[in-house]
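Descriptive analysis of the structure
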Amino acid sequence: MKIPAWPQADEKEAELISQVLASPHWGGFHPFVEEFERSFAAYCHSRHAVSAMNGTVTLELALELMGVGPADEVIVPAISFVSSASAISRVGAIPVFVDIDEDSFNLDPLRLAEALTPKTKAVMAVHFGGVMCQVDAIGQFCLDNDLLLLEDAAHAHGSEWDGKRAGSFGHAASFSFQNGKVLTAGEGGALVTSDDEFAEQARSLCNCGRKAGRSFYEHHRIGSNYRLSAFQAAVLICQLERLPAQICRRTTNARLLKRLLQDLPQLHWQREPLQQTANCQYLLTGRLQAGDARAMCARLQAQGIPCSPFYPHTLYQNPVYASGGCRVMPCPVAEARTRDSFWINQRALLAEPDVIPEIAQAMERELHQSPVL
Ligand SMILES: Cc1ncc(COP(=O)(O)O)c(C=O)c1O
(Lines give C-alpha, C1' and ligand atoms only; values in the text may rest on other atoms or scores of the structure.)
Protein backbone atom coordinates (compact mmCIF):
# COMPACT_ATOMS: atom_id res chain seq x y z
CA MET A 1 0.00 0.00 0.00
CA LYS A 2 1.46 3.36 -1.03
CA ILE A 3 1.45 5.30 2.24
CA PRO A 4 3.88 8.24 2.23
CA ALA A 5 6.80 8.43 4.61
CA TRP A 6 6.96 11.09 7.32
CA PRO A 7 8.54 13.61 7.84
CA GLN A 8 8.65 15.04 4.32
CA ALA A 9 11.15 17.51 2.88
CA ASP A 10 12.38 18.64 -0.51
CA GLU A 11 14.85 21.05 -2.04
CA LYS A 12 13.25 24.00 -0.19
CA GLU A 13 14.44 22.69 3.19
CA ALA A 14 17.83 21.83 1.65
CA GLU A 15 18.17 25.39 0.30
CA LEU A 16 17.33 27.12 3.61
CA ILE A 17 19.55 24.72 5.58
CA SER A 18 22.42 25.51 3.23
CA GLN A 19 21.82 29.23 3.82
CA VAL A 20 22.16 28.59 7.56
CA LEU A 21 25.34 26.58 6.97
CA ALA A 22 26.82 29.48 5.01
CA SER A 23 25.95 32.00 7.74
CA PRO A 24 27.81 32.77 10.97
CA HIS A 25 24.69 31.97 13.06
CA TRP A 26 23.72 28.32 13.34
CA GLY A 27 22.01 28.86 16.67
CA GLY A 28 18.98 30.76 17.86
CA PHE A 29 20.12 34.22 16.76
CA HIS A 30 19.75 33.59 13.03
CA PRO A 31 16.97 35.72 11.46
CA PHE A 32 15.16 32.52 10.38
CA VAL A 33 14.13 31.94 14.02
CA GLU A 34 12.38 35.30 14.21
CA GLU A 35 10.92 34.85 10.74
CA PHE A 36 9.39 31.50 11.73
CA GLU A 37 8.06 32.90 15.00
CA ARG A 38 6.34 35.77 13.16
CA SER A 39 4.77 33.46 10.58
CA PHE A 40 3.68 30.90 13.16
CA ALA A 41 2.09 33.53 15.42
CA ALA A 42 0.11 34.87 12.46
CA TYR A 43 -0.86 31.32 11.47
CA CYS A 44 -2.19 30.74 15.00
CA HIS A 45 -4.18 34.02 14.91
CA SER A 46 -2.04 35.27 17.79
CA ARG A 47 0.35 38.15 18.38
CA HIS A 48 3.39 36.21 19.52
CA ALA A 49 5.10 32.86 19.12
CA VAL A 50 8.16 32.15 21.25
CA SER A 51 10.06 29.16 19.92
CA ALA A 52 11.81 26.67 22.20
CA MET A 53 13.48 23.27 22.23
CA ASN A 54 10.32 21.18 22.47
CA GLY A 55 6.67 21.12 23.48
CA THR A 56 7.44 19.79 26.95
CA VAL A 57 9.53 22.76 28.05
CA THR A 58 6.98 25.15 26.56
CA LEU A 59 4.30 23.62 28.83
CA GLU A 60 6.61 23.96 31.83
CA LEU A 61 7.48 27.56 30.91
CA ALA A 62 3.84 28.49 30.39
CA LEU A 63 2.86 27.15 33.81
CA GLU A 64 5.81 28.87 35.47
CA LEU A 65 4.88 32.18 33.83
CA MET A 66 1.26 31.75 34.86
CA GLY A 67 2.50 31.60 38.42
CA VAL A 68 1.51 27.94 38.91
CA GLY A 69 3.62 26.40 41.65
CA PRO A 70 3.68 24.33 44.84
CA ALA A 71 0.27 23.75 46.45
CA ASP A 72 -1.59 24.69 43.25
CA GLU A 73 -3.77 22.25 41.36
CA VAL A 74 -4.16 22.12 37.59
CA ILE A 75 -7.02 20.26 35.90
CA VAL A 76 -5.83 18.10 33.01
CA PRO A 77 -7.55 15.37 30.97
CA ALA A 78 -6.80 11.79 32.06
CA ILE A 79 -5.89 11.01 28.45
CA SER A 80 -2.92 12.78 26.91
CA PHE A 81 0.80 12.40 26.39
CA VAL A 82 2.67 12.39 29.71
CA SER A 83 4.09 15.91 29.22
CA SER A 84 0.66 17.47 29.79
CA ALA A 85 0.80 16.14 33.35
CA SER A 86 4.54 16.02 34.03
CA ALA A 87 4.87 19.73 33.21
CA ILE A 88 2.41 20.42 36.07
CA SER A 89 4.40 18.21 38.45
CA ARG A 90 7.71 19.74 37.41
CA VAL A 91 6.59 23.22 38.46
CA GLY A 92 5.67 21.70 41.82
CA ALA A 93 1.88 21.67 41.33
CA ILE A 94 -0.59 18.78 41.45
CA PRO A 95 -2.23 17.43 38.29
CA VAL A 96 -5.93 16.72 38.79
CA PHE A 97 -7.02 14.11 36.28
CA VAL A 98 -10.52 14.57 34.89
CA ASP A 99 -12.47 12.32 32.56
CA ILE A 100 -12.85 12.83 28.84
CA ASP A 101 -16.05 13.07 26.87
CA GLU A 102 -17.37 9.80 25.39
CA ASP A 103 -17.51 11.04 21.80
CA SER A 104 -14.83 13.72 21.44
CA PHE A 105 -12.07 12.02 23.53
CA ASN A 106 -11.38 15.53 24.92
CA LEU A 107 -11.70 17.01 28.41
CA ASP A 108 -15.37 16.81 29.44
CA PRO A 109 -16.51 20.33 30.48
CA LEU A 110 -19.32 18.79 32.55
CA ARG A 111 -16.75 17.14 34.81
CA LEU A 112 -14.84 20.33 35.63
CA ALA A 113 -16.98 21.69 38.48
CA GLU A 114 -16.61 18.55 40.62
CA ALA A 115 -12.81 18.76 40.29
CA LEU A 116 -12.63 22.38 41.45
CA THR A 117 -11.12 23.20 44.86
CA PRO A 118 -9.76 26.44 46.35
CA LYS A 119 -6.32 25.24 45.18
CA THR A 120 -7.29 25.03 41.50
CA LYS A 121 -5.22 27.54 39.56
CA ALA A 122 -5.53 26.53 35.92
CA VAL A 123 -7.03 24.18 33.36
CA MET A 124 -4.91 22.53 30.70
CA ALA A 125 -7.01 21.87 27.61
CA VAL A 126 -5.58 19.34 25.14
CA HIS A 127 -6.96 19.25 21.58
CA PHE A 128 -6.52 15.53 21.16
CA GLY A 129 -5.46 14.39 17.69
CA GLY A 130 -6.45 17.77 16.18
CA VAL A 131 -10.04 17.74 17.43
CA MET A 132 -10.75 20.98 19.27
CA CYS A 133 -11.86 20.64 22.86
CA GLN A 134 -14.92 22.62 24.02
CA VAL A 135 -13.09 25.94 24.23
CA ASP A 136 -16.27 27.99 24.83
CA ALA A 137 -17.48 25.96 27.82
CA ILE A 138 -13.98 25.46 29.25
CA GLY A 139 -13.12 29.14 28.72
CA GLN A 140 -16.34 30.21 30.46
CA PHE A 141 -15.62 27.85 33.38
CA CYS A 142 -12.16 29.43 33.72
CA LEU A 143 -13.64 32.94 33.62
CA ASP A 144 -16.32 32.10 36.19
CA ASN A 145 -13.79 30.60 38.58
CA ASP A 146 -10.88 32.95 38.00
CA LEU A 147 -8.67 30.21 36.51
CA LEU A 148 -5.99 30.41 33.85
CA LEU A 149 -6.45 28.45 30.64
CA LEU A 150 -3.47 26.82 28.97
CA GLU A 151 -4.01 25.07 25.64
CA ASP A 152 -1.82 22.08 24.98
CA ALA A 153 -2.05 22.39 21.21
CA ALA A 154 0.72 19.87 20.46
CA HIS A 155 -1.72 17.97 18.21
CA ALA A 156 -3.60 20.89 16.73
CA HIS A 157 -1.53 23.13 14.42
CA GLY A 158 -4.14 24.68 12.13
CA SER A 159 -7.24 23.25 13.81
CA GLU A 160 -10.02 25.81 14.18
CA TRP A 161 -13.07 26.55 16.29
CA ASP A 162 -15.49 28.88 14.52
CA GLY A 163 -12.71 30.13 12.25
CA LYS A 164 -10.31 30.84 15.12
CA ARG A 165 -7.17 28.74 15.31
CA ALA A 166 -6.02 26.49 18.14
CA GLY A 167 -3.60 28.43 20.28
CA SER A 168 -5.65 31.62 20.31
CA PHE A 169 -8.11 30.67 23.08
CA GLY A 170 -6.04 30.31 26.25
CA HIS A 171 -3.85 32.75 28.12
CA ALA A 172 -1.15 30.85 26.28
CA ALA A 173 -0.81 27.73 24.17
CA SER A 174 1.96 25.23 23.75
CA PHE A 175 2.85 23.55 20.44
CA SER A 176 5.23 20.70 19.68
CA PHE A 177 7.30 20.26 16.51
CA GLN A 178 8.47 16.77 17.46
CA ASN A 179 9.12 14.31 14.62
CA GLY A 180 5.59 12.92 14.23
CA LYS A 181 3.71 16.19 14.52
CA VAL A 182 2.01 17.79 11.50
CA LEU A 183 4.54 20.65 11.69
CA THR A 184 7.96 19.30 12.50
CA ALA A 185 11.67 19.96 12.65
CA GLY A 186 12.40 16.66 14.38
CA GLU A 187 12.24 18.48 17.71
CA GLY A 188 10.99 21.91 18.68
CA GLY A 189 8.16 23.74 20.34
CA ALA A 190 6.53 27.15 20.66
CA LEU A 191 4.55 29.13 23.16
CA VAL A 192 1.84 31.17 21.50
CA THR A 193 0.08 34.09 23.18
CA SER A 194 -1.44 37.47 22.48
CA ASP A 195 -0.30 38.84 25.84
CA ASP A 196 2.69 41.13 25.14
CA GLU A 197 4.12 40.89 28.64
CA PHE A 198 3.75 37.11 28.81
CA ALA A 199 5.55 36.82 25.46
CA GLU A 200 8.38 39.08 26.57
CA GLN A 201 8.86 37.09 29.76
CA ALA A 202 8.72 33.78 27.90
CA ARG A 203 11.34 34.98 25.45
CA SER A 204 13.55 36.09 28.29
CA LEU A 205 13.16 32.77 30.19
CA CYS A 206 14.10 30.85 27.02
CA ASN A 207 17.11 33.06 26.47
CA CYS A 208 19.04 32.96 29.76
CA GLY A 209 17.04 35.81 31.29
CA ARG A 210 18.13 38.36 28.68
CA LYS A 211 15.93 41.32 27.76
CA ALA A 212 15.31 42.51 24.21
CA GLY A 213 17.41 45.55 23.39
CA ARG A 214 19.75 45.11 26.39
CA SER A 215 23.33 43.93 26.37
CA PHE A 216 24.19 40.27 25.79
CA TYR A 217 25.69 39.75 29.24
CA GLU A 218 22.87 41.43 31.13
CA HIS A 219 20.48 38.88 32.69
CA HIS A 220 17.24 39.93 34.35
CA ARG A 221 15.74 36.69 35.63
CA ILE A 222 16.79 33.10 36.25
CA GLY A 223 16.15 31.74 32.81
CA SER A 224 17.67 28.94 30.84
CA ASN A 225 18.75 28.25 27.29
CA TYR A 226 15.78 26.72 25.50
CA ARG A 227 16.47 28.32 22.11
CA LEU A 228 15.52 26.66 18.83
CA SER A 229 18.42 26.35 16.38
CA ALA A 230 18.55 28.07 12.99
CA PHE A 231 18.44 24.66 11.27
CA GLN A 232 15.16 23.83 12.96
CA ALA A 233 13.74 27.24 12.08
CA ALA A 234 14.81 26.77 8.44
CA VAL A 235 12.93 23.48 8.29
CA LEU A 236 9.88 24.87 10.08
CA ILE A 237 9.58 27.82 7.66
CA CYS A 238 9.27 25.32 4.79
CA GLN A 239 6.98 22.94 6.69
CA LEU A 240 4.61 25.78 7.59
CA GLU A 241 4.26 26.69 3.91
CA ARG A 242 3.25 23.12 3.15
CA LEU A 243 0.86 22.68 6.06
CA PRO A 244 -2.35 24.16 4.52
CA ALA A 245 -2.19 21.87 1.48
CA GLN A 246 -1.43 18.87 3.70
CA ILE A 247 -4.40 19.67 5.95
CA CYS A 248 -6.58 19.90 2.85
CA ARG A 249 -5.42 16.49 1.60
CA ARG A 250 -5.85 14.84 5.00
CA THR A 251 -9.30 16.35 5.47
CA THR A 252 -10.53 15.13 2.09
CA ASN A 253 -9.09 11.66 2.68
CA ALA A 254 -10.45 11.44 6.25
CA ARG A 255 -13.95 12.28 4.97
CA LEU A 256 -13.65 9.66 2.24
CA LEU A 257 -12.44 6.97 4.64
CA LYS A 258 -15.26 7.72 7.08
CA ARG A 259 -17.83 7.64 4.27
CA LEU A 260 -16.54 4.31 3.00
CA LEU A 261 -16.76 2.81 6.49
CA GLN A 262 -20.03 4.45 7.55
CA ASP A 263 -21.99 1.20 7.50
CA LEU A 264 -19.90 -0.48 10.18
CA PRO A 265 -21.91 -0.08 13.39
CA GLN A 266 -19.10 -1.22 15.69
CA LEU A 267 -16.79 1.63 14.59
CA HIS A 268 -17.15 5.09 16.17
CA TRP A 269 -14.82 7.89 15.11
CA GLN A 270 -13.71 10.65 17.45
CA ARG A 271 -16.40 13.31 17.05
CA GLU A 272 -15.51 16.90 16.15
CA PRO A 273 -17.55 19.63 17.82
CA LEU A 274 -20.04 21.34 15.49
CA GLN A 275 -18.02 24.56 15.85
CA GLN A 276 -14.86 22.93 14.44
CA THR A 277 -14.14 24.62 11.11
CA ALA A 278 -10.77 22.98 10.41
CA ASN A 279 -9.01 19.89 11.75
CA CYS A 280 -5.32 19.31 11.08
CA GLN A 281 -6.07 15.55 11.35
CA TYR A 282 -2.99 14.69 13.37
CA LEU A 283 -4.59 11.42 14.43
CA LEU A 284 -7.70 9.81 13.03
CA THR A 285 -8.95 8.28 16.24
CA GLY A 286 -11.70 5.73 16.65
CA ARG A 287 -13.12 3.26 19.11
CA LEU A 288 -14.54 -0.20 18.58
CA GLN A 289 -17.81 -1.09 20.21
CA ALA A 290 -16.97 -4.72 19.57
CA GLY A 291 -13.75 -6.46 18.64
CA ASP A 292 -10.16 -6.20 19.75
CA ALA A 293 -8.57 -2.85 18.85
CA ARG A 294 -5.04 -4.11 19.57
CA ALA A 295 -5.38 -7.17 17.37
CA MET A 296 -6.93 -5.07 14.59
CA CYS A 297 -4.02 -2.59 14.74
CA ALA A 298 -1.45 -5.39 14.61
CA ARG A 299 -3.08 -6.88 11.51
CA LEU A 300 -3.44 -3.50 9.79
CA GLN A 301 0.17 -2.64 10.59
CA ALA A 302 1.23 -5.91 8.95
CA GLN A 303 -0.48 -4.62 5.79
CA GLY A 304 1.47 -1.34 5.96
CA ILE A 305 -1.27 0.83 7.48
CA PRO A 306 0.10 3.05 10.29
CA CYS A 307 -2.57 2.21 12.84
CA SER A 308 -1.78 2.16 16.59
CA PRO A 309 -3.66 1.05 19.65
CA PHE A 310 -4.65 3.89 21.98
CA TYR A 311 -2.48 4.87 24.98
CA PRO A 312 -2.24 1.69 27.07
CA HIS A 313 -3.22 3.52 30.25
CA THR A 314 -4.69 6.75 31.49
CA LEU A 315 -2.10 9.20 32.78
CA TYR A 316 -2.86 8.30 36.41
CA GLN A 317 -2.44 4.56 35.70
CA ASN A 318 1.03 5.23 34.30
CA PRO A 319 3.74 4.10 36.76
CA VAL A 320 4.86 7.70 37.34
CA TYR A 321 1.48 8.63 38.85
CA ALA A 322 0.26 5.22 40.05
CA SER A 323 1.86 5.81 43.43
CA GLY A 324 0.56 9.35 43.92
CA GLY A 325 1.57 12.95 43.25
CA CYS A 326 -1.81 13.65 41.69
CA ARG A 327 -5.54 13.80 42.38
CA VAL A 328 -7.81 11.55 40.36
CA MET A 329 -11.49 12.15 39.60
CA PRO A 330 -13.58 9.19 38.40
CA CYS A 331 -12.58 8.53 34.79
CA PRO A 332 -14.60 5.57 33.46
CA VAL A 333 -14.61 6.89 29.89
CA ALA A 334 -10.84 7.43 29.78
CA GLU A 335 -10.26 3.92 31.13
CA ALA A 336 -12.59 2.39 28.55
CA ARG A 337 -10.77 4.21 25.72
CA THR A 338 -7.43 2.65 26.73
CA ARG A 339 -9.03 -0.74 25.98
CA ASP A 340 -11.18 -0.14 22.92
CA SER A 341 -9.58 2.60 20.84
CA PHE A 342 -6.96 3.17 18.17
CA TRP A 343 -5.65 5.86 15.87
CA ILE A 344 -4.49 6.05 12.29
CA ASN A 345 -1.40 8.19 11.84
CA GLN A 346 -1.75 11.36 9.79
CA ARG A 347 0.66 10.15 7.12
CA ALA A 348 -1.89 7.58 5.96
CA LEU A 349 -4.20 10.48 5.13
CA LEU A 350 -1.49 12.09 2.99
CA ALA A 351 -1.71 9.17 0.57
CA GLU A 352 -3.09 9.63 -2.96
CA PRO A 353 -6.90 9.49 -2.78
CA ASP A 354 -6.99 6.14 -4.61
CA VAL A 355 -5.18 4.51 -1.65
CA ILE A 356 -8.01 5.37 0.76
CA PRO A 357 -10.43 2.71 -0.55
CA GLU A 358 -7.64 0.15 -0.03
CA ILE A 359 -7.32 1.24 3.62
CA ALA A 360 -11.11 1.12 3.97
CA GLN A 361 -11.24 -2.40 2.53
CA ALA A 362 -8.51 -3.61 4.90
CA MET A 363 -10.36 -2.14 7.88
CA GLU A 364 -13.67 -3.51 6.72
CA ARG A 365 -12.19 -7.01 6.42
CA GLU A 366 -10.90 -6.73 9.99
CA LEU A 367 -14.09 -5.32 11.41
CA HIS A 368 -16.36 -7.81 9.67
CA GLN A 369 -14.68 -10.41 11.85
CA SER A 370 -15.84 -8.49 14.96
CA PRO A 371 -19.38 -9.27 16.07
CA VAL A 372 -21.59 -6.26 16.83
CA LEU A 373 -22.85 -6.23 20.41
C1 LIG B 1 -0.37 16.31 23.87
C2 LIG B 1 1.12 16.50 23.91
N3 LIG B 1 1.62 17.47 24.69
C4 LIG B 1 2.93 17.69 24.77
C5 LIG B 1 3.83 16.95 24.04
C6 LIG B 1 5.30 17.19 24.22
O7 LIG B 1 5.93 17.63 23.06
P8 LIG B 1 7.48 17.35 22.80
O9 LIG B 1 7.60 15.93 22.36
O10 LIG B 1 7.82 18.32 21.71
O11 LIG B 1 8.21 17.63 24.04
C12 LIG B 1 3.36 15.96 23.18
C13 LIG B 1 4.32 15.18 22.38
O14 LIG B 1 4.14 14.20 21.81
C15 LIG B 1 1.96 15.71 23.12
O16 LIG B 1 1.46 14.75 22.35
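Residues numbered from 1 in each chain as written. Predicted model: local features only at pLDDT ≥ 70, side-chain atom pairs only at ≥ 80, totals over all residues. Heavy atoms only, no water.

1. Things to note about the pairing of strand β5 (residues 148–152)
Among the five residues in β5, four count as buried, and that is most of the element. Bridging between strand β4 (residues 120–126) and β5 involves five bridges; their strand directions are parallel. Bridging across to β5, Met124 finds its partner in Leu150. Each parallel crossover has a hand, and for β4 linked through helix α5 (residues 135–144) to β5 it is right-handed. Two strands pair when backbone bridges link them, and β5 and strand β8 (residues 172–176) are joined in this way by three bridges, in the parallel orientation. Opposite Asp152, over in β8, you have Ser174 as the bridge partner. (Buried < 20%, exposed > 50% of the residue type's maximum accessible area, 1.4 Å probe, protein only. Helix = DSSP H or I, 4+ residues; strand = E, 2+ residues; numbered from the N terminus. Pairing = 2+ DSSP bridges. Right-handed = clockwise from strand over helix to strand, strands pointing away.)

2. Regarding the packing of helix α3 (residues 55–65) against helix α4 (residues 82–90)
α4 packs onto α3 with a crossing angle of 45° between their chain directions and a minimal axis gap of 9 Å. Looking at the two axes, α3 sits oblique to α4. Relative to α4, the crossing made by α3 is right-handed. Mapping the contact onto sequence places Thr56, Leu59, Glu60 and Leu63 in α3 and Ser83, Ser84, Ala87, Ile88 and Arg90 in α4. When the residues that make up the contact of α3 with α4 are grouped by side-chain class, the tally is four nonpolar, three polar and two charged. (Axes fitted to C-alpha atoms, helices over the stretch in contact; angles between N-to-C directions. Parallel < 35°, antiparallel > 145°, perpendicular 65-115°, else oblique. Left-handed = near helix turned anticlockwise from the far one by under 90°. Contact = heavy atoms within 4.5 Å. Nonpolar A, V, L, I, M, F, W, Y, C, P; charged D, E, K, R; others polar.)

3. Overview of the layout of surface pockets
In this structure, the largest pocket encloses a volume near 640 Å³. Taken together, 27 residues form the lining of the largest pocket, with Phe29, Glu34, Glu37, Arg203 and Asn207 sitting closest to its centre. Those elements that place two or more of their residues in the lining of the largest pocket are α2 (31–43), β1 (48–52) and α6 (196–206). For the lining of the largest pocket, the element with the highest residue contribution is α2, accounting for six residues. (1 Å grid on protein atoms, 1.4 Å probe; cavity = no way out; pocket = protein on both sides within 12 Å on 5 of 7 lines; lining within 4 Å. Points joined across faces, edges and corners; volume = space filled by probe spheres on them.)

4. Considerations on the state of the cysteines
Taken as a whole and assessed by the stated rule, the structure comprises zero disulfides. Counting only cysteine sulfurs, Cys44 is the nearest neighbor of Cys280, a cysteine outside any disulfide, at a range of 11 Å. With no disulfide of its own, Cys297 lies closest to Cys307 among cysteine sulfurs, the gap being 3.4 Å. (Disulfide = S-S within 2.5 Å.)

5. Things to note about the domain arrangement of the chain
For the chain, the assigned domains read domain 1 (11–239) and domain 2 (244–368). The straight-line distance from the C-alpha centre of domain 1 to that of domain 2 is 24 Å. The interface is formed by 44 residues belonging to domain 1 together with 42 residues belonging to domain 2. Taking both partners together, domain 1 and domain 2 bury about 3700 Å²; carbon and sulfur atoms supply 59% of that area. Among the residues domain 1 hides against domain 2, the three largest losses belong to Phe97, Phe105 and Val182. Together they make up 18% of the total. Along the contact surface separating domain 1 from domain 2 lie four salt bridges. Arg271 is the salt-bridge partner of Asp103, the closest N and O atoms lying 3.6 Å from each other. If you look at where domain 1 meets domain 2, you find 26 residue pairs in polar contact (both at pLDDT 80 or more). Those elements that place two or more of their residues in the side of domain 1 that touches domain 2 are β2 (73–77), α4, β3 (94–98) and β6 (160–161). Considering every element that reaches the side of domain 1 that touches domain 2, the biggest residue donor is β3, with five residues. Across the side of domain 1 that touches domain 2, the residue classes break down as 21 nonpolar, 14 polar and nine charged. (Domains from an automatic or database assignment. Buried area = accessible area lost by both parts, 1.4 Å probe. Salt bridge = Lys/Arg side-chain N within 4 Å of Asp/Glu carboxyl O. Polar contact = N/O pair within 3.5 Å; in protein donor to acceptor, adjacent residues only side chain to side chain.)

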